[in-house]
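Chain by chain, the residues run as shown.
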Amino acid sequence: QVQLVESGGGLVQPGGSLRLSCVASGTMLRIMGWYRQAPGKQRELVATVTSGGTTNYADAVKGRFTISRDNAKNTMYLQMNSLKPEDTAVYYCNTRFLSTMSGYWGQGTQVTVSS
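Residues numbered from 1 in each chain as written. Predicted model: local features only at pLDDT ≥ 70, side-chain atom pairs only at ≥ 80, totals over all residues. Heavy atoms only, no water.

Engineer: Residues and numbers for the overall build of the protein, please.
Structural biologist: Broken down by element type, the protein carries zero helices and 11 strands. Secondary structure elements of the protein occur, N-terminal to C-terminal, as β-β-β-β-β-β-β-β-β-β-β. Here the C-alpha atoms of the protein give a radius of gyration of 13 Å, agreeing with the 13 Å that 2.2 N^0.38 yields for 115 residues. Within the structure as shown, the protein displays about 6100 Å² of accessible surface, and the carbon and sulfur contribution to it stands at 48%. The centroid of the 11 positive side-chain charges in the protein is displaced by 4 Å from the centroid of its 6 negative side-chain charges. (Helix = DSSP H or I, 4+ residues; strand = E, 2+ residues; numbered from the N terminus. Rg over C-alpha atoms; globule rule 2.2 N^0.38 Å. Areas by Shrake-Rupley, 256 points an atom, 1.4 Å probe, with all protein chains shown as cover. Lys, Arg positive; Asp, Glu negative; His and termini not counted. Charge placed at Lys NZ, Arg CZ, Asp CG, Glu CD.)

Engineer: Help me get a handle on the side chain of Thr75, residues and values and all.
Structural biologist: Inspection of the secondary structure assignment puts Thr75 in strand 8 (residues 75–80). Among the polar contacts listed, one links the side chain of Thr75 to the backbone oxygen of Lys73, at a separation of 2.9 Å. (Polar contact = N/O pair within 3.5 Å; in protein donor to acceptor, adjacent residues only side chain to side chain.)

Engineer: Hey, could you go over the pattern of salt bridges for me, with residue numbers and the actual values?
Structural biologist: Between side chains of opposite charge, a pair can form when the charged atoms approach closely. Summed over all chains, the structure comprises four salt bridges. The salt bridge partner of Asp87 is Arg36, with a shortest N-O separation of 2.9 Å. With Asp87 in the loop between strand 8 and strand 9 (89–96) and Arg36 in strand 4 (residues 31–37), this pair connects stretches of sequence that are 51 residues apart. With respect to burial, Asp87 and Arg36 carry one shared label: buried. A salt bridge links Lys62 to Asp59; its shortest N-O distance comes to 3.1 Å. The class for Asp59 is exposed, based on a relative accessible area of 65%. (Salt bridge = Lys/Arg side-chain N within 4 Å of Asp/Glu carboxyl O. Buried < 20%, exposed > 50% of the residue type's maximum accessible area, 1.4 Å probe, protein only.)

Engineer: Before we move on, can you summarise the pairing of strand 3 (residues 18–24) with the specific residues and values?
Structural biologist: The buried fraction of strand 3 is high, at five of seven residues. In this structure, strand 1 (residues 4–7) lies alongside strand 3, joined through four bridges in antiparallel fashion. By the bridge assignment for strand 3, Ser7 is matched with Ser21. Pairing geometry for strand 3 and strand 8, over six bridges, is antiparallel. Residue pairing for strand 8: Ser21 is matched across the bridge by Tyr77. (Pairing = 2+ DSSP bridges.)

Engineer: Could you give an account of the packing of aromatic side chains, with specific residues and numbers?
Structural biologist: Applying the stated criterion to the full structure yields two aromatic pairs. Considering the side-chain rings of Tyr35 and Trp105, the 5.0 Å spacing of their centres and the 65° angle between planes classify their relative orientation as edge-to-face. One end of the pair, Tyr35, is in strand 4; the other, Trp105, is in strand 10 (residues 104–105), and 70 residues separate them in sequence. With centroids separated by 6.5 Å and ring planes inclined at 85°, the aromatic side chains of Tyr92 and Trp105 adopt a geometry described as edge-to-face. Of the two residues, Tyr92 sits in strand 9 while Trp105 sits in strand 10, which places them 13 residues apart along the sequence. On the basis of relative accessible area, Tyr92 is assigned to the buried category, the value being 14%. The exposure class assigned to Trp105 is partly exposed, which follows from its relative accessible area of 31%. Each member of the aromatic cluster is reached from another via a ring pair, and the members are Tyr35, Tyr92 and Trp105. Here the guanidinium or amino end of Arg43 rests over the ring plane of Tyr92, the centre of that ring lying 3.9 Å away. (Phe/Tyr/Trp six-rings, centres within 6.5 Å; stacked < 30°, edge-to-face > 60°. Lys NZ or Arg CZ within 6 Å of the ring centre and 35° of its normal.)

Shown next as structure tokens:
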């Protein structure tokens with residue numbers, strides 16, 4: 001029933017910044033997260049944020065990315081700074097009740113970091 005729509009992806013040079021947004025058609029669930037999948041690789045966790053404000057980041061993005069959520073707007077954000085070519089991937093928005101559940105997924109937005 002929950003629908004998620006990502007936006008903000010695009011082409012950026014190494015060292016640049018992008019901000020991704022994810023808008024939920026319904027109320028966001030307890031856990032909101034960003035995942036990404038690069039060509040030839042498995043989908044991996046980027047960051048999560050709970051309704052209580054607890055955040056978790058993959059080691060590869062710590063110190064560079066910031067996840068946040070605005071419950072009033074049913075929107076989640078991913079601020080990405082100091083982007084590297086290795087960050088190139090399709091980024092997906094996800095929301096779920098429990099970490100053991102698959103939850104709901106957006107269609108993804110392409111982020112390409114290249115000079």
